[in-house]
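The residues making up each chain are set out below.
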Amino acid sequence: MRTSTWLAGVAAATLIGTAVPASAETPPPTPSSGTASRLATIQTEMAGAPAGRMRPLWQPATTTGVTPRTIGVPGGYDPDVLRAHLRLSGTGKGQTVAIVVAFDVSAAVTKAVTSYSEWYGLKPPCSETVTSGCFPLKVVAPNGTAPIDADTALPARSFQVEADLDVEMVHAVAPDAAITVVEGYDNSTEAMMAALDHAVSLHPAVINNSYGMDEFEGERDLDGRCTATGVLCVFASGDAGNPGLWPAAAPDVLAVGGTTLDMDSAGKVRSEVAWQGSGGGISPFEPRPAYQRAAVPNGTGRGVPDVSFDADPQSGFAVYVVIDVSPFPIYYDDWAMIGGTSAGAPIWSAIAAVADQQRAAHREPPLTAGQVHAAVYAGKAKQPADIIAGANGLCDTCFAGPGYDLVTGKGSPRAGIDTYLARH
């Protein structure tokens with residue numbers, strides 16, 4: 001738990017338990033029994049978050065070892081498969097990805113990404129004792145973080161899982177990028193927007209946001225936070241199908257929906273269809289932006305999402321999860337297979353960071369949302385790949401099809417997406 005000056009004296013949470021990272025000489029660890037059900041309980045309860053509260057958008061697989069069984073520790077896609085699939089030209093070196101979450105995640109995320117990196121042979125986070133052969137990881141709490149009590153224990157757990165997922169996915173795809181995790185005081189709209197404002201003030205290449213809430217009257221008054229500095233903000237679109245969520249519905253962000261992606265161990269796509277949980281639809285409050293005028297099939301509002309990536313937890317990602325909100329129960333230190341649109345968002349953020357690495361080599365500034373939208377919505381663009389099957393609801397616009405659709409947007413990235421974006 002972090003404390004601000006007006007919360008001085010609140011005791012910090014203590015990390016309990018000790019992880020034993022895997023090594024190349026030992027067999028892959030098996031997630032403990034009850035892994036899926038324990039994580040599912042946390043996220044099912046979070047789905048009923050009260051109005052005005054953001055909820056993280058990760059989803060646990062109900063079983064382990066699916067699609068396909070040979071990839072990742074618990075069965076999800078691992079860094080090698082992701083990089084083979086995307087075939088990016090760089091590693092994000094020299095770029096910083098900021099990740100906005102809520103509550104105190106510092107000890108949990110550091111421990112989780114250390115275990116993840118050790119198992120997959122990635123650089124560990126830098127620390128006082130590890131100063132070379134590492135990647136910069138900072139966790140900052142500009143307004144402190146809320147004390148853990150009976151009301152905050154559940155959302156704090158869920159945001160710790162979110163932070164683990166986000167950091168590991170960025171690190172998997174852009175292993176040399178620096179990562180700064182910005183903690184909101186809690187998951188209230190006010191606190192999360194304050195954390196986002198702080199992230200913007202750091203001027204990173206891209207800011208990842210894997211959380212959202214139902215749209216509401218007056219949301220437009222809170223838009224535009226990323227526009228002033230031109231920083232690219234990436235938001236997950238939601239995991240409950242039609243409609244999508246805000247802030248993904250804001251016109252100045254890149255909204256990431258979900259697919260069900262089946263790949264082999266070499267990253268070759270066997271099939272990809274819309275995921276039924278992909279948040280998408282026409283916003284009732286946000287007007288249609290200029291970049292969507294030729295693409296959005298109907299309605300006068302902002303269409304969500306813009307793009308997609310694998311979000312189906314049953315074809316998800318190998319993630320090392322650490323949860324610690326002591327003294328409250330449910331301490332977790334294990335592997336899990338996780339999906340949700342909050343998995344696709346950090347992967348798109350990492351892609352943008354690698355594209356910015358290319359741009360930096362040519363002394364060009366990082367991509368803005370306007371440039372990414374222009375690239376994505378270009379009339380004859382072959383990137384991202386069009387997803388033409390699947391649905392996220394029972395409405396006239398809930399079906400994926402040729403061109404832009406309100407389930408997967410313009411589609412899912414393929415090899416060379418970073419170079420394509422960098423040219424815009």
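Parameters at a glance
Residues numbered from 1 in each chain as written. Predicted model: local features only at pLDDT ≥ 70, side-chain atom pairs only at ≥ 80, totals over all residues. Heavy atoms only, no water. Helix = DSSP H or I, 4+ residues; strand = E, 2+ residues; numbered from the N terminus. Buried < 20%, exposed > 50% of the residue type's maximum accessible area, 1.4 Å probe, protein only. Contact = heavy atoms within 4.5 Å. Areas by Shrake-Rupley, 256 points an atom, 1.4 Å probe, with all protein chains shown as cover. Core = buried A, V, L, I, M, F, W, Y, C linked by side-chain atoms within 4.5 Å. Polar contact = N/O pair within 3.5 Å; in protein donor to acceptor, adjacent residues only side chain to side chain. Pairing = 2+ DSSP bridges. Axes fitted to C-alpha atoms, helices over the stretch in contact; angles between N-to-C directions. Disulfide = S-S within 2.5 Å. Salt bridge = Lys/Arg side-chain N within 4 Å of Asp/Glu carboxyl O.

- Per an unreviewed UniProt entry, the recorded name for the protein chain is Peptidase S53 domain-containing protein, and the organism is Actinoallomurus iriomotensis.

## Observations regarding the overall build of the protein chain
Thinking step 1. When its secondary structure is counted, the protein chain shows eight helices and 15 strands.
Thinking step 2. Out of the 424 residues in the protein chain, the part that is buried amounts to 59%.
Thinking step 3. The long-range share in the protein chain, meaning contacts at least 24 apart out of those at least 6 apart in sequence, stands at 78%.
Thinking step 4. Per element, the accessible surface of the protein chain, about 15800 Å² overall, is 55% carbon and sulfur.

## Regarding the nonpolar core
Thinking step 1. Within the largest apolar cluster, 119 residues are counted, with the highest numbers of intra-cluster contacts made by Leu196, Ile207, Tyr211, Phe317, Ile347, Trp348 and Leu421.
Thinking step 2. Per-element tally for this core: the top contributor is helix H4 (residues 153–173), with twelve residues.
Thinking step 3. Setting aside anything within four residues of it in sequence, one finds Tyr211 in contact with Met54, Arg55, Pro56, Leu57, Val100, Phe159, Met192, Met193, Leu196, Phe235, Ala236 and Pro247.

## A look at the side chain of Asn187
Thinking step 1. Relative to the elements of secondary structure, Asn187 occurs in the loop between strand S5 (178–184) and helix H5 (189–201).
Thinking step 2. There is a polar contact of 3.4 Å between the side chain of Asn187 and the side chain of Arg53.
Thinking step 3. In contact with Asn187, other than residues within four places in its own chain, are Met46, Gly52, Arg53, Met54, Ala102, Phe103, Pro155, Phe159 and Met192.

## Quick word on the sheet that holds strand S15 (residues 332–339)
Thinking step 1. Read across the sheet, three strands follow the order S2-S15-S14 without closing on themselves; strand pairing throughout is antiparallel. Strand pairing shows two members of the sheet lacking a second neighbour, strand S2 (59–60) and strand S14 (317–323), which therefore form its edges.
Thinking step 2. For S2 and S15, the ladder comprises two bridges, and the chain directions are antiparallel. Note on S15: the bridge partner recorded for Pro60 is Ile338.
Thinking step 3. Where helix H3 (residues 106–120) meets the sheet, its contacts fall on S14 and S15, and the angle it forms with S14 comes to roughly 145 degrees.
Thinking step 4. H4 contacts S14 and S15 of the sheet and is inclined by roughly 140 degrees relative to S14.

## A short note on the state of the cysteines
Thinking step 1. Considering all chains together, one arrives at three disulfides under this definition.
Thinking step 2. Here Cys126 engages in a disulfide with Cys134; their sulfurs sit 2.1 Å apart. Here the S-S torsion is close to 95 degrees, and the disulfide linking Cys126 with Cys134 is therefore right-handed.
Thinking step 3. Given a relative accessible area of 29%, Cys126 falls into the partly exposed group.
Thinking step 4. Sequence-ordered numbering of the bonded cysteines in the protein chain gives a pairing of 1-2, 3-4, 5-6.

## A word on the pattern of salt bridges
Opposite charge on two side chains lets them pair, provided their charged atoms get close.
Thinking step 1. Counted by the stated rule, this structure contains ten salt bridges.
Thinking step 2. Of the charged contacts, one joins Asp333 and Lys111 as a salt bridge, the two residues approaching to 3.1 Å between their closest N and O atoms. Placement of Asp333 in strand S15 and of Lys111 in helix H3 is noted, with a sequence separation of 222 residues between them.
Thinking step 3. One salt bridge connects Asp197 with Arg225, and the closest N-O pair in it is separated by 2.7 Å. Of this pair, Asp197 sits in helix H5 while Arg225 sits in the loop between strand S7 (211–212) and strand S8 (232–236); the two residues are 28 residues apart in sequence, bridging distant segments of the chain.

## Some words on the pairing of S8
Thinking step 1. Burial analysis of S8 places five of its five residues in the buried class, which makes it a mostly covered element.
Thinking step 2. Residues Leu232, Val234 and Ala236 point to one face of S8 and Cys233 and Phe235 to the other, with burial holding for every one of them.
Thinking step 3. Across four bridges, strand S6 (residues 206–209) lies against S8 in parallel orientation. Looking at S8, one finds that Ile207 is bridged to Cys233.
Thinking step 4. One ladder, built from three bridges, connects S8 with strand S9 (residues 254–263); its direction is parallel. Counted as the bridge partner of Phe235 is Ala255 from S9.

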